[in-house]
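Each chain, written out:
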Amino acid sequence: MTVREWRYAPLALAGILLCLAVPALAARQVMVLFPPAIAEGQADNVLRPALPILEQTLKEKLEDRFDVRPAGQAGAAATEEQRRQRARTVGASYILSGNLSRIGKSITLDVTIAPTEEPSKGRTVVVSGTLENPSPLSTQYAPFFRNLATEMAVQAKSLFFGGEGGGGAAAAKKIPGLAGTVTRSAPLPGEVVSIAASDMDLDGKIEIVAAYTDAIVIYQLVGDDLREKARIPNAGTGLIHVDAAAVTRSGVADIVTTRFAGGKALSDIWQYDGKEYRKISADVPYFLRVSDLGPEGVVLLGQESDPEKVYRGPVFRLTVSREGKVEGKGRNLPLPQGTFLYGFAALRQGKKDVRYAVLAARERLVYLDGEGKELWEGLDAVTGSESALETAERRVPIPPRMVSVDLNRDGIDELVVLNDLVAAGTYFENLRVYSQVELLCFAQGEKALQLAWRSPQSDASARDLLVDRSNPNAARFAVASRDRGKLVGGAAQWRVLWLK
């Protein structure tokens, strides 16, 4: 097998999946809370009594977003490795730790939220205040420390989950967020590999295209459910990706699929001729995908495969005739060397400019201008999907789907990224157990991407992401996921989960 799931052990998931089409609040991520540490020599009668007040207040104020577990006997003096071990013990994905200090009347509290397995990727918030006439009679300062911890919790949640306005320079954009509900389609008959959405037959309605391991199915949307409308059987083995867009400029959306087997990528283009879907381009020797490059419009992009390294070389444009003939390589995109075709998104900046978000080394997002100059690099890891491409020498996880969508209709795209969450204690090179999925939305600033919002987590990991733009006033997002709450014959059923 050249395409296989990166999953080696069953994972018991907390929470109960609600019944079909019933909104469900997603599970919260588990966080271990370590009380702030006090620097040696400062553990006086002002700061020491404040620790339980700070710990309790932080727990109360963070519980609406996290399942907060106090560290208990581990305490504020725990080392980084001790904190990690404690977090693994309770299955926590994140660790909260910090420091409390005083210089005269000035009190400073800093708190860091960090992934259990990658503490270097944590985010830190610092708040401070002035304590009038500090003295050993510290009980009178309880309201002061509660207010300090409350401010800290508000800022930490804004940093971690984003704000309604996107925060920072992007605050004025007021990026619409999600309501926080998850609904489920009826079960789908097979293992979903990839999904896309477009008007496939010019009926004015959005259809869902689902690639299975050996077939392509076009679905009509009926509310949150998918009803089969057409099927392309025997679409080839080893399907890994599907897109739906009018790459032939013929007025109808084309289906672009890529297969990977034996270290080689082969791609096909399908088109609806009024009666059925027929293959108009076969065995194109590249990985293929579709992207909207702003001023250039929707284009077909390609990249060469490699029998040892999976992929190689730059990402390039391809010209396609109305008949579907792929006529050869065009210009390269200005992306960093080593970028996988599926590991970036083009972001429109009005009508005349385009920028790029790239999943670079260490699974971090990099923001590039239209010439490929790096403007910003994120600190948070964005984890790939639960599938990987394999050769005899290398395993490459399929990058998470990144979609560009103008959520506030100002002509500037936002970036929405599928992020599968790795269960605590399993973040290793050859073993990753995925427990949940979330969506991350970033707004474009002048020099950086700014987290606008982070969706609640679903109760299961996901394979792929699409955006339904049929309602111009409210885009909605769907992920292809196993519903582990519904086991049939010992196997979980595939469904489309709508995150709204």
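Refer to the structure printed above.
What this report covers is the structure whose coordinates are included nearby. Because the structure is a prediction, the values reported are computed rather than measured. (Residues numbered from 1 in each chain as written. Predicted model: local features only at pLDDT ≥ 70, side-chain atom pairs only at ≥ 80, totals over all residues. Heavy atoms only, no water.)

**Quick word on helix 1 (residues 50–62)**
Part 1 of the argument: With 13 residues, helix 1 extends 18 Å from end C-alpha to end C-alpha; this agrees with the ideal 18 Å at 1.5 Å per step.
Part 2 of the argument: Taken together, the buried positions of helix 1 are occupied by Ala-50, Leu-51, Leu-54, Thr-57, Leu-58 and Leu-62. One side of helix 1 holds all its buried residues, which, seen down the axis, span an arc of 140°.
Part 3 of the argument: On its buried face, helix 1 is in contact with strand 2 (29–33), strand 3 (37–38), strand 4 (66–70), strand 5 (94–103), strand 6 (106–115) and helix 3 (142–161). (Helix = DSSP H or I, 4+ residues; strand = E, 2+ residues; numbered from the N terminus. Expected span 1.5 Å × (residues − 1). Buried < 20%, exposed > 50% of the residue type's maximum accessible area, 1.4 Å probe, protein only. Arc of directions from axis to C-beta. Contact = heavy atoms within 4.5 Å.)

**Observations regarding the side chain of Asp-464**
Part 1 of the argument: Looking at the secondary structure, you find Asp-464 in strand 31 (residues 462–468).
Part 2 of the argument: Assessed through its relative accessible area of 5%, Asp-464 is described here as buried.
Part 3 of the argument: At 2.9 Å, the side chain of Asp-464 and the side chain of Arg-401 are in polar contact.
Part 4 of the argument: What Asp-464 contacts, discounting residues up to four positions off in sequence, is Val-193, Ser-194, Ile-195, Arg-401, Leu-418, Ala-478, Val-479 and Ala-480. (Polar contact = N/O pair within 3.5 Å; in protein donor to acceptor, adjacent residues only side chain to side chain.)

**Re the packing of aromatic side chains**
Part 1 of the argument: With the rule as written, the count across this model stands at 12 aromatic pairs.
Part 2 of the argument: Consider the rings of Phe-66 and Tyr-94, whose centres lie 6.5 Å apart with planes at 65°: the pair is edge-to-face. Note that Phe-66 is positioned in strand 4 and Tyr-94 in strand 5, a separation of 28 residues in sequence. For the pair Phe-66 and Tyr-94, a shared accessibility class is recorded, and that class is buried.
Part 3 of the argument: Both rings, one in Phe-287 and one in Tyr-342, keep their centres 6.0 Å apart while their planes meet at 85°; by these two values the pair is edge-to-face. Taken together, the residues span a long stretch of sequence, with Phe-287 in strand 17 (residues 287–292) and Tyr-342 in the loop between strand 20 (326–332) and strand 21 (344–349) at a distance of 55 residues. (Phe/Tyr/Trp six-rings, centres within 6.5 Å; stacked < 30°, edge-to-face > 60°.)

**A few points about the pattern of salt bridges**
Part 1 of the argument: Considering all chains together, one arrives at 27 salt bridges under this definition.
Part 2 of the argument: Across the pair Arg-476 and Asp-224 runs a salt bridge, and its minimum N-O distance is 2.8 Å. One end of the pair, Arg-476, is in strand 32 (residues 476–488); the other, Asp-224, is in the loop between strand 11 (216–222) and strand 12 (225–232), and 252 residues separate them in sequence.
Part 3 of the argument: For Arg-476, a relative accessible area of 19% gives the class buried.
Part 4 of the argument: For Arg-348, the salt bridge identified is with Asp-413, shortest N-O distance 2.9 Å. Placement of the pair is Arg-348 in strand 21 and Asp-413 in the loop between strand 27 (402–405) and strand 28 (414–422), with a sequence separation of 65 residues.
Part 5 of the argument: The class for Asp-413 is buried, based on a relative accessible area of 2%.
Part 6 of the argument: Here the salt bridges do not stand alone but share partners, grouping Asp-201, Asp-203, Glu-207 and Lys-229 into one network. (Salt bridge = Lys/Arg side-chain N within 4 Å of Asp/Glu carboxyl O.)

**Here we look at the side chain of Asp-243**
Part 1 of the argument: Within the element layout of this structure, Asp-243 appears in strand 13 (residues 239–245).
Part 2 of the argument: Residue Asp-243 is classed as buried on the basis of its relative accessible area, which comes to 8%.
Part 3 of the argument: Among the polar contacts made by the side chain of Asp-243, one reaches the main-chain amide nitrogen of Val-290 at a distance of 2.9 Å.
Part 4 of the argument: Of note is the side chain of Asp-243, whose polar atom sits 2.9 Å from the side chain of Arg-401.
Part 5 of the argument: Every residue in contact with Asp-243, bar those within four places of it in the chain, is listed here: Ala-196, Asp-254, Ile-255, Val-256, Arg-289, Val-290 and Arg-401.

**Brief notes about the sheet that holds strand 10 (residues 207–212)**
Part 1 of the argument: Strand order in the open sheet formed by 4 strands is 9-10-11-12, with antiparallel pairing between adjacent strands. Looking at the sheet topology across the chains shown, the edges are occupied by strand 9 (192–198) and strand 12. On average, each strand axis in the sheet is inclined to that of its neighbour by 30°, with strand direction left out of account. (Pairing = 2+ DSSP bridges. Axes fitted to C-alpha atoms, helices over the stretch in contact; angles between N-to-C directions.)

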